[in-house]
Amino acid sequence: MKPAAFTYHRAYDVNDTTALLGELGPDAKILAGGQSLVAMMNFRLARPSALVDITRVPGLDYLRRDDQGLHIGALTTHRTVEQARLDGFEVLPKAARWIGHYPIRCRGTFGGSIAHGDATSEWCILAVLLDAVITLQGPAGQRHIPARDFFHGFFMTAAEPDEMITEIRFPKPAPHAALTEFSQRKGDFAIVAAAARLDLAENEILTARIVLGGVAEKPYAVDIDLGGQPATGETFKAAGETAAAQVQPPSDGHGSSAYRKKLTATLVARALAEAAA
């Protein structure tokens, strides 16, 4: 339960952070909330040669809205999002309640969760669902990457070793969106998670989007077209069965592939119903 040896560095601004990352090399990691990284280090699943602590970097803890959407600073905590009133983006505060326990939500950061790239992370799933844009800062300047292109595999992202996330932007409100998940105990990582977004005209579905966690190496966008169908339980149940048929989840100590497929069908139907409501 002790990490391997590492050197500790504190950064005081974004340029300082990227300079340190470039100097220390690809085995260095950023320490923000530390709620995922430190646990992995304690189990020696991660062995960074150095940590760059960014908790005192100013200007990265904010929620801001303008005509380009909702902007969330990388050091904004889960708890801050959970407590916020975000008209049109209500799915974000509601989804925050699924994240760990109260102390974790008070310490863990939005940007850190995205950077970690866990396929079951609520923020990673919703970033893909809501077409978020990830802003990265590095020695060469800023890059803006759509979330659908940011996640590459198990804990793998498009960020270069000398880049850091500074902001996540959600461009359009999603009043009909929901996320639900299943875990063995409250606060555990999800075995399967499902998020859905609907555009509705009265009781008719115009467009629908579904993203899953826990069934693939990264958030999985279901290939489905529900346009023109009624927003009813029968439609949602059929969509869940379609989604389950598309995925080939892994088996592990938490559940078999077949079990995860059954969870997928149930949770997709539930997420669609919650989004419609």
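In every chain, residue numbers begin from 1 and rise along the written sequence. Selection of residues for local features in this predicted model requires a pLDDT of at least 70, selection of side-chain atom pairs for listing and counting requires 80 or more, and totals for whole chains, interfaces and linings are taken over all residues. To get the side-chain values, take all heavy atoms of the structure and skip hydrogens and water.

Caption draft 1: How the structure looks around the overall build of the chain. Helix and strand assignments follow DSSP, with helices taken as H or I runs no shorter than four residues and strands as E runs no shorter than two, numbered in order from the N terminus. Along the chain, the regular secondary structure elements total ten helices and 14 strands. With the radius of gyration taken over C-alpha atoms, the globule rule is written as 2.2 Å times the number of residues to the power 0.38. Since a compact globule built from 277 residues should have a radius of gyration of about 19 Å, the 19 Å found for the chain is in line with a globular shape. Referenced to the eigenvectors of the C-alpha coordinate spread, the extents of the chain come out at roughly 55 × 45 × 30 Å. The buried share among the 277 residues of the chain stands at 51%. The criterion used for residue contact is that any of the two residues' heavy atoms lie within 4.5 Å. In the chain, once contacts between residues fewer than 6 apart in sequence are set aside, the share between residues at least 24 apart is 61%. In the form shown here, the chain has an accessible surface area of approximately 13200 Å², with 51% of it arising from carbon and sulfur atoms. Counting rule applied: Lys, Arg positive; Asp, Glu negative; His and chain ends not counted. Every charge is mapped onto a representative atom, which is NZ of Lys, CZ of Arg, CG of Asp or CD of Glu. One way to put it: in the chain the 28 positive side-chain charges average out to a point 7 Å from where the 31 negative ones average out. When accessible area is computed with a 1.4 Å probe and restricted to protein chains, residues below 20% of their type maximum are described as buried, those above 50% as exposed, and intermediate ones as partly exposed. Note on areas: these come from Shrake-Rupley sampling with a 1.4 Å probe, and a residue is covered only by the protein chains present in the view.

Caption draft 2: Summary view of the nonpolar core. Each nonpolar core is a collection of buried residues, namely Ala, Val, Leu, Ile, Met, Phe, Trp, Tyr and Cys, held together in the definition by side-chain atoms within 4.5 Å. Of all hydrophobic cores here, the largest spans 40 residues; its most connected members are Leu92, Ile114, Trp123, Leu126, Phe150 and Phe170. Among the elements that line this core, the one with the most residues is helix H7 (residues 122-129), at seven residues. For Leu126, the contacting residues outside a window of four places in its chain are Val91, Leu92, Ala95, Phe170, Leu179 and Ala195. In terms of nonpolar packing, the next biggest core, distinct from the first, is built from 26 residues, Ile205, Val222, Ala269 and Ala271 among them.

Caption draft 3: View of the pairing of strand S10 (residues 164-170). Of all seven residues in S10, six are buried, a share of seventy percent or more. Between any two strands, at least two bridges found by DSSP are needed for them to pair. The pairing of strand S5 (residues 69-73) with S10 spans four bridges and is classified as antiparallel. When the sheet's bridge partners are listed, Ile72 is paired in S10 with Ile168. Note that strand S6 (residues 133-138) and S10 share five bridges and pair antiparallel. Each bridged residue has a counterpart across the sheet, and for Ile134 the counterpart in S10 is Ile168.

Caption draft 4: Focus on the sheet that holds strand S2 (residues 28-31). Overall, parallel pairing links the three strands, which are arranged S1-S3-S2 in an open sheet. Looking at the sheet topology across the chains shown, the edges are occupied by strand S1 (7-10) and S2. With direction set aside, neighbouring strand axes in the sheet form an average angle of 25 degrees. Judged from the four bridges that link them, S2 and strand S3 (residues 50-53) form a sheet pairing that is parallel. Across the sheet, residue Ile30 finds its bridge partner in S3, namely Val52. To get an axis, fit a line to the C-alpha atoms, keeping to the stretch in contact for a helix; angles then go from 0 to 180 degrees between the N-to-C directions. Contacts from helix H1 (residues 14-24) reach S1, S2 and S3 within the one sheet, and its direction differs from that of S3 by about 175 degrees.

Caption draft 5: Main features of the environment of Ala4. Mapped onto the elements, Ala4 comes out in the segment before S1. Residue class for Ala4 comes out buried when judged on its relative accessible area of 18%. Taking the C-alpha atoms as reference points, Ala4 and Pro48, separated by 44 residues in sequence, lie 8.1 Å from one another. Every residue in contact with Ala4, bar those within four places of it in the chain, is listed here: Met41, Arg44 and Arg47.

Caption draft 6: Up close: the pairing of strand S12 (residues 192-201). Burial analysis of S12 places seven of its ten residues in the buried class, the great majority of the element. As paired elements, strand S11 (residues 177-182) and S12 share six bridges and run antiparallel to each other. Bridging from a neighbouring strand, Glu181 pairs with Ala193 of S12. Both S12 and strand S13 (residues 204-213) contribute to a ladder of nine bridges, which runs antiparallel. Bridging across to S13, Asp199 finds its partner in Thr207. The antiparallel pairing of S12 with S13 creates a hairpin that spans two residues between the two strands, and Glu202 there sits at a positive phi of about 55 degrees.

Caption draft 7: Expanded view of the pattern of salt bridges. Salt bridge criterion: a side-chain nitrogen from Lys or Arg within 4 Å of a carboxyl oxygen from Asp or Glu. Going through the model one piece at a time under the given rule, you end up with eight salt bridges. Here Asp188 and Arg185 are joined by a salt bridge, their closest N and O atoms 3.0 Å apart. Using a relative accessible area of 21% as the deciding quantity, one classes Asp188 as partly exposed. Relative accessible area serves as the criterion here: at 58%, Arg185 is assigned to the exposed category. Residues participating in the shared-partner salt-bridge network are Arg79, Glu82 and Arg105.

Caption draft 8: Representation of the sheet that holds strand S4 (residues 63-66) within the structure. Taken in spatial order, the five strands line up as S4-S5-S10-S6-S7 in an open sheet, and their pairing is antiparallel. Each edge of the sheet is formed by a strand with only one pairing partner; in this case those strands are S4 and strand S7 (141-146). Sheet twist, expressed as the average angle between the axes of neighbouring strands with direction ignored, equals 25 degrees. Of the strands in this sheet, S6 and S10 touch H1, which is tilted by about 125 degrees from S10.

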